[in-house]
Structures are given as structure tokens and as C-alpha cells.
Amino acid sequence: MTSPLISAAELRDRLSEVTVLDVRYRTGGPAGLEEYAAGHVPGATYVDLDRALAAPPGHPDGRGGRHPLPDPQVFAAAMRRAGVSARRPVVTYDDWNGQAAARCWWLLRHHGHPDVRVLDGGWRAWRDAGGEVESGAVEIAGGDFEPGPGTMPVVDADEVLDVPVLVDARAPERYRGDTEPIDPVAGRIPGALNVPTSANLAVDGRFRDPAQLRPLYEAAGVPLDGTEVAVYCGSGVTAVHDLLALELLGVRAALYPGSWSGWITDPSRPVASG
């Protein structure tokens, strides 16, 4: 299995061979376009998570949550504008612990791109490695990416409670229902285990290696033996960080795209806390 990660050193060596996407983003904050304009990996194109990597919130069927999956054709058009082609490898990065970059990685893989990787450590790692910095806009040729049928597994709200192992990727206090700073209801989906995305990273902001990740997930009760696993978070974005960590462990887990913000749109669905 090709690693879903790429180091800053390897990216420096392969920069002319890949398409680089800057996906800087903050929940509740401004888009990362200003940061991108001030400095980015040479040749990188900026991708707006809210516009390119998600449909508008409030999906008509009430299940979409705050960041529904984008329409495949809308997503593909955004990727073509960013220069993405199926025959050229893609590297995504951000300055948000890899959480937005992982969303872009997952969507491209889901829609059939064969070679997508996340810059391990993101923008910080690039700067720490002495990578060159380019500012201003980048003129690129359009790509030819066309979306294929979804290939990364997903589950919907009607299936979540039947998944053998369900993982909540939010912070422990949100998982327990102690606090809920974003969504109108606190708590979790009954039966979910908690592996917060912060646990996937070492102190330098890079992903822990598999030898460290494995006992972390096993201690949380997540079997790594082929049992079906699904992951959710608040809006469906940061859950993909856990999916990437599980991919490093050889587990192809499913995403519940609606996540907590979609789950609570139906008051008849059960909620657990504590």
C-alpha cells in the first residue's frame, strides 16, 4: 500500500512532478486565501474547503450536516480549475494539523484519483524543512480530472447504528457531551468510541508512525482485524483525519458524512453522553 503521506523532504525532491493543493482552513474562521497569497509552496493552487470540498450546509433531506459531501461534478470542476489531472500525482497540505488536507485527499481518492498524498506536518513542516516560499497568485493550466463512482466507503444515518465499530473523532469533552461549542445539541451517537484527531499526531505536528498508532486505537477499543469501522466527527471534515490514520494501519474505514451535525437534525435519533 502506498502511504497516504509524503514528507516535506520528498515533496521538495518531487515538486516538479506533482500538483500541489493548498487547503488552509479554520472552523468558524476566514478562508485561508490571505495566508495562501502571503506565502505558499511553489506552484500550489488554493482550494476553498467550503466552496470546493463541501456542499452548502442544510442539505434538503436533513441529513447533510454542516459540511455535506459536494456534488461530484462541482467537486471535479473545482479540481480541474486547480490543475488536477488523473495522470499526475497530487499533494494536499494545510496549516490545520492535516484535517482540511485530509478531506481533499479523501474526496479525490473517493472519486477515483489513483495517487493522492497529504504533506505530513503541513505548512509548518514545509517551512521547517527549508522549503521555498512563493507568494501571490499562480497561473496554472486547467486539469482534466473527471470523477468516477465513489470508491471510499461511506455510511448514512440509517446505517450508522448497525456498524460494528463506530469512532467519534471529536475532542473528548465534546464526545462526552460536557460541552458543545458548535452544534445545538451535545453528546454522541450511542456506542461510539472516541479517538480524537489530536491523538494521531506527535508533538511536531506529524502523524505518529503505525507502531505508535496501533496501540492507541486498540486501547480505545478499535479492532484492527478487518472488522468494519466507520468514523464521524462534528461536520464530516475532521473525521477523515482518523480515516487517514486508520489507512496507515491498513484499515479502510468508512465515513459517516453527515456526522454529529447531521445526526441531530432528527430529534428521534438517540443521543448518549457521559
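Please refer to the structure placed before this passage.
Residues numbered from 1 in each chain as written. Predicted model: local features only at pLDDT ≥ 70, side-chain atom pairs only at ≥ 80, totals over all residues. Heavy atoms only, no water.

### Examining the packing of helix α9 (residues 210-219) against helix α10 (residues 239-248)
Let me state the cut-off plainly: As a rule, the C-alpha atoms of each element are fitted with a line to give its axis, helices using only the stretch in contact, and angles between N-to-C directions run from 0 to 180 degrees. Counting from the N terminus, the helices are the DSSP runs of H or I reaching at least four residues and the strands are the DSSP runs of E reaching at least two. By the definition used in this description, the sense in which the near helix is turned from the far one sets the handedness, with an anticlockwise turn below a right angle giving left-handed and a clockwise turn giving right-handed. Contact definition: two residues touch when any of their heavy atoms are within 4.5 Å. Residues are grouped as follows: Ala, Val, Leu, Ile, Met, Phe, Trp, Tyr, Cys and Pro are nonpolar; Asp, Glu, Lys and Arg are charged; all remaining types, including Gly, are polar.
Direction vectors running N to C along α9 and α10 enclose 115°, while the axes themselves pass 9 Å from each other. Both α9 and α10 take part in a crossing whose hand is left-handed. Within the contact between the two elements, α9 uses P210, L213 and Y217 and α10 uses D242, A245, L246 and L248. The class makeup of the residues in the contact of α9 with α10 is 6 nonpolar, no polar and 1 charged.

### Topic: the pairing of strand β4 (residues 90-93)
Inclusion rule: Remark: exposure states derive from per-residue accessible area (1.4 Å probe, protein chains only) relative to the maximum for the residue type, with buried under 20%, exposed over 50%, and partly exposed in between. One bridge is not enough; two strands pair if DSSP finds at least two bridges between them. Look down the strands so they point away from you; if the path from the first strand over the helix to the second goes clockwise, the crossover is right-handed.
Burial along β4 is two-sided: V90 and T92 facing one way and V91 and Y93 facing the other are all buried. Examined bridge by bridge, β4 and strand β5 (residues 116-119) share 3 bridges and lie parallel to one another. Counted as the bridge partner of V90 is V116 from β5. The parallel pair β4 and β5, bridged by helix α5 (residues 99-110), forms a crossover whose chirality is right-handed.

### Some details on the side chain of H241
Our working rule: Here a polar contact means two N or O atoms within 3.5 Å. Within protein one must be a hydrogen donor candidate and the other an acceptor candidate, and residues neighboring in sequence count only if both atoms are side-chain atoms.
Along the chain, H241 turns up in helix α10. Reaching out from H241, the side chain makes a polar contact with the backbone oxygen of N97 at a distance of 2.7 Å. Sequence-distant contacts of H241, defined by excluding residues within four places in its chain, comprise N97, G98, Q99, A102, T197, N200, L201 and F207.

### Notes on the environment of Y93
Its place among the elements puts Y93 in strand β4. In contact with Y93, other than residues within four places in its own chain, are V20, L21, D22, V23, R24, H40, V41, A44, A101, L119, G122 and W123.

### Structural notes on the sheet that holds strand β9 (residues 254-255)
Adjacent strands of a sheet pair through backbone hydrogen bonds, lying either parallel or antiparallel. Spatially, β7-β6-β8-β9 is the arrangement adopted by the 4 strands of the open sheet, whose pairing is parallel. Unpaired on one side and paired on the other, β7 (193-194) and β9 mark the two borders of the sheet. Here 4 bridges tie strand β6 (residues 165-168) to strand β8 (residues 229-232), and the two strands are oriented parallel to one another. What sits directly across from V167, in β8, is V231.

### A few points about the side chain of R188
Let me state the cut-off plainly: Neither His nor the chain ends is counted toward charge; the positive residues are Lys and Arg and the negative residues Asp and Glu. When a carboxyl oxygen of Asp or Glu is within 4 Å of a side-chain nitrogen of Lys or Arg, the pair counts as a salt bridge.
Counting through the fold element by element, R188 comes out in the loop between α8 (172-176) and β7. The side chain of R188 is buried and forms no salt bridge, while D168, the nearest opposite charge, is found at 6.6 Å. Reaching out from R188, the side chain makes a polar contact with the backbone oxygen of Y175 at a distance of 3.3 Å. In this structure the side chain of R188 is engaged in a polar contact, spanning 2.7 Å, whose partner is the backbone oxygen of G274. With near-sequence residues (within four places) excluded, R188 lies in contact with D168, R170, Y175, R176, Y232, W260, P270, V271, A272, S273 and G274.

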